[in-house]
Each structure stands twice: as C-alpha cells, then as structure tokens.
Amino acid sequence: MDAEEGITVNHDEASWLGVVVQSSFFITYIMGTVTTWKTTAAINICLPIITVIYVSQMPETPIWLLSRGRVKDAERSLCWLRGWVTPDVVKEEFSQLVKYNNSTKKGIMDNNAVIQLTVLNASEEAAEHYDQENIHQSKSEAEQTENNATHANEEDSQESHCSLETWKEMLRRPTLRPLILVNTYFLLLNFGGMAAIRPYMVHVFREYGMHDEAEWITVGAGVLGLLGSVTLVLTVNWLGKRLISLLCMTGNAVCCLLLGVYSYVVLYPDGVPEHQVTWMPLTLFILFFFFSSALFQVPWMMISEVFPFRTRGIATGLSAALYYVFLFTTSKTYLDMESSMHLHGVFFFFSVVNSVAFVFLYFRLPRMEGKSLEEIEAYFSGQNKKGFLKK
C-alpha cells in the first residue's frame, strides 16, 4: 500500500502478542505439572508486581501526546519506542504523525494528507517520498501545535469534565458498529468452549477416560496453543481474519459436536462404556485446542484497527473489560453447567455457540487486510463499503 492510502495496522506485531499469551499458558501448565499448585500460584503472584514496575517506566504513545499538544514529549516518546534513538532518526516518521494528528483534529479524511504509519523504522526508501519542503512544512505544523499546547490542554480538561459528548460519540455508527462486532466476538469466543474448560482441563480429560495422562495432556494443550498462535501469525496477512475466523469456528463446532456425541453414546450412564477409546476424544481435543488458540488473538487484533481515534481509548478499554467479564462468567459457571446439563449437554451447547458465531461473523465481519484506518472507519460509518469483500 502506498503512503498516500493512510495509516495502516501492522498485523505481525499484534498477532505475535497471542504467541506470548499462549507461551504463558504453556509455562503455567508446565509449572503446575512439575510443582504444586501453591508454588505455581506464588510465582504467578509476583508477575503483576513486575509488570506494574515495567509499565511505570513506559511513556505515553506519541499520537496521544500530540493530541494533547505535547509535541516535545511526543518526539521523545517516539525516540524511546524506536530504541532510544536520536530525533534525526525518527524525523520523517514524526512529521507523518504530526500531519495525521492535525488532519484528525480538523476532521479531515483526506488520504493525501495522512501518511502511512508503520511500526518499522523509517527507511531511506520511505524518505524519498518526501522532499525537504514537506519536512519543513511538518516542522512548522509541529511548532504551531506546540504553541497552542496550553489551549489544547484546556480543551482536554473540559472534555474530561464533560464526558457526555464523548459517550454520545460512542453511540454513533463509526464506534457503535465495531463495538458491537468486537464484543459479540468476545462473548461467543468465551462461551464457545475453550475459555470455559481451560481451568478444569485435567477434570475434563479424566471424565473422558484419560486418567493417568491428564496432567501431561494439559501441557500438550499449551504446545498446541503455541502452534495455533504461530499459524495465525504466518497466515493472517494471507488468509485474513475473516476466513480464519470462519474456518476455526467451523472446526470448533464440529469438534464439540463429536465430543458431545461421544460423551452421550459412551460415557453417559445409559451408554456403552465397552466402546470407550481414548484416542478418539484426544484427537478431537487436539483439533479443538488448535482452532481455539488461532481464534484467541483475532478480536484483540481487531481492537487496534476498528475504532476511530476520537473514541479509541474508551472503546478499547470497555471491550477489554467486557472480555474479562465474559471470561470470568464462563469459567465460574462451567461446573454448574456440567452438573445440570451433563458432559454431553455442555459440548452440544459449545457446538451451538460456535455455529451461531459462524453465522454472525459471516454476515458482520468484513475483510480488513490492506485497508487504512480511515477506510475502515468509513466502512463502519456506512460511507464506503467498496473493497471490503467478504471472501
């Protein structure tokens, strides 16, 4: 995509975050297998403390600082993010950020004025697209923004005290439609099975007759989670989030349906236990874990690209909060569901949820790869649906 097409999202960095999350699951499963649960819990308690110390040393994002008129702080932040480099190294990229910030404040959706922003270091090839006149113009815009910093801060202060307008913006189509899309995805993903059984995997494996190997199968589930996340990283730019979501939801629905049938026919009190073979549910669980881990990061990747800048902070925070509400709910209710619906009923329920998710995503999730943030915002606003082919 040319620079003139606007700021785009680097999916590689966003999707690698899923690999990190799945790695944490794997390490936790290993610790839980080779040590006691108390030792594992004690180690995990220390990690949030380390995280708080680490995050406290991080600067705010450059685009947020620019929106508050803090130009010098934004430049220092960008230098920090690019590896403690000097301002000369990020001069081109910073000028692009200034232009994007100014056009956003004015409400201009002119793609010629918004330069493509990537998370890669500014290269010499990119520098050839901008002559010294454009750089001088960007510097002038930055100085003008800095001179108006006090006025901008006063406006921000007023906005923080008059949040009604911000919440009204949340109810408009550019924010409301992607908000519904992302949070419905989160809801269906969490109630689709994997999030519910993850804290009780040893128990579930034993219910399916895998008594002696249950702990190590849990470790294997962590390995499959890593494989699924890496597969997403390697294929998301090629296949797209839409196709991956539809394929994985289909796989989850089929696996859960067959696990429910196996449980009803073989494990149910009126079943035929002599037909029990552990390799069959184990194979289905392997596929289920793989598909679920590939799905896990998709809505988190969407968060970084579907919300407009003016409401991105609130919409992203609200979506993340709702995700953990859904996760807590499904984790806390699983044992009650199993008690009331039996094991086969629970997996039939998971199959239905994944089938509903397939239908919802088929009609609501567009293909957004290769589109700029401005084009995506225009799509959800209903202004432009050209090029968002539902492949």
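A brief report on the enclosed structure follows.

So, on to the overall build of the chain. Each helix and strand in the chain was counted, giving 17 helices and 0 strands. Among the 391 residues that make up the chain, the fraction classed as buried is 43%. In the chain, of all internal contacts separated by at least 6 residues, the share reaching a separation of at least 24 is 78%. Element-wise, carbon and sulfur atoms account for 62% of the exposed surface of the chain, whose accessible area totals about 20600 Å².

What follows concerns the environment of Trp-80. Checked against the element boundaries, Trp-80 lands in helix α4 (residues 71-81). With 18 residues separating them in the primary sequence, Trp-80 and Pro-62 have C-alpha atoms 10.0 Å apart. Once residues lying within four places of it in the same chain are set aside, the contact partners of Trp-80 are Gln-57, Met-58 and Pro-59.

Attention shifts here to the nonpolar core. The biggest cluster of nonpolar side chains holds 36 residues, and the ones touching the most others in it are Tyr-185 and Met-302. Once residues lying within four places of it in the same chain are set aside, the contact partners of Tyr-185 are Ser-245, Met-249, Leu-295, Val-298, Pro-299, Met-302, Leu-361 and Leu-365. Among the nonpolar cores identified, the runner-up in size contains 29 residues, and Ala-196, Phe-205, Tyr-208 and Cys-256 belong to it.

So, about the side chain of Glu-369. Relative to the assigned elements, Glu-369 resides in the loop between α16 (312-364) and α17 (373-380). Overall, Glu-369 belongs to the buried group, its relative accessible area being 12%. A polar atom in the side chain of Glu-369 sits 2.6 Å from the side chain of Lys-241.

Taken N-terminus to C-terminus, the directions of helix α10 (residues 173-190) and α16 make an angle of 25°; their axes are 4 Å apart at the nearest point. Regarding the angle of α10 to α16, the classification is roughly parallel. α16 is crossed by α10, and the crossing has right-handed handedness. Residues that form the contact of α10 with α16 fall into these classes: 19 nonpolar, 6 polar and 1 charged.

Attention shifts here to the environment of Phe-291. Among the structural elements, Phe-291 can be located in helix α14 (residues 279-296). Between the alpha carbons of Phe-291 and Gly-251 there is a distance of 6.6 Å; along the sequence they are 40 residues apart. Phe-291 has contacts with Cys-248, Gly-251, Asn-252 and Cys-255, leaving out every residue within four places of it along the chain.

The subject of this paragraph is the pattern of salt bridges. Tallied over the entire structure, the rule returns 9 salt bridges. Here Glu-93 ties to Arg-82 by a salt bridge, and the two come within 2.7 Å at their closest N and O atoms. Placement of Glu-93 in helix α5 (residues 91-105) and of Arg-82 in the loop between α4 and α5 is noted, with a sequence separation of 11 residues between them. A salt bridge links Glu-169 to Arg-172; the nearest nitrogen and oxygen atoms lie 2.7 Å apart. What you see here is one network of salt bridges that share partners, running through Glu-169, Arg-172, Arg-310 and Glu-377.

Calculation criteria
- Residues numbered from 1 in each chain as written.
- Predicted model: local features only at pLDDT ≥ 70, side-chain atom pairs only at ≥ 80, totals over all residues.
- Heavy atoms only, no water.
- Helix = DSSP H or I, 4+ residues; strand = E, 2+ residues; numbered from the N terminus.
- Buried < 20%, exposed > 50% of the residue type's maximum accessible area, 1.4 Å probe, protein only.
- Contact = heavy atoms within 4.5 Å.
- Areas by Shrake-Rupley, 256 points an atom, 1.4 Å probe, with all protein chains shown as cover.
- Core = buried A, V, L, I, M, F, W, Y, C linked by side-chain atoms within 4.5 Å.
- Polar contact = N/O pair within 3.5 Å; in protein donor to acceptor, adjacent residues only side chain to side chain.
- Axes fitted to C-alpha atoms, helices over the stretch in contact; angles between N-to-C directions.
- Parallel < 35°, antiparallel > 145°, perpendicular 65-115°, else oblique.
- Left-handed = near helix turned anticlockwise from the far one by under 90°.
- Nonpolar A, V, L, I, M, F, W, Y, C, P; charged D, E, K, R; others polar.
- Salt bridge = Lys/Arg side-chain N within 4 Å of Asp/Glu carboxyl O.

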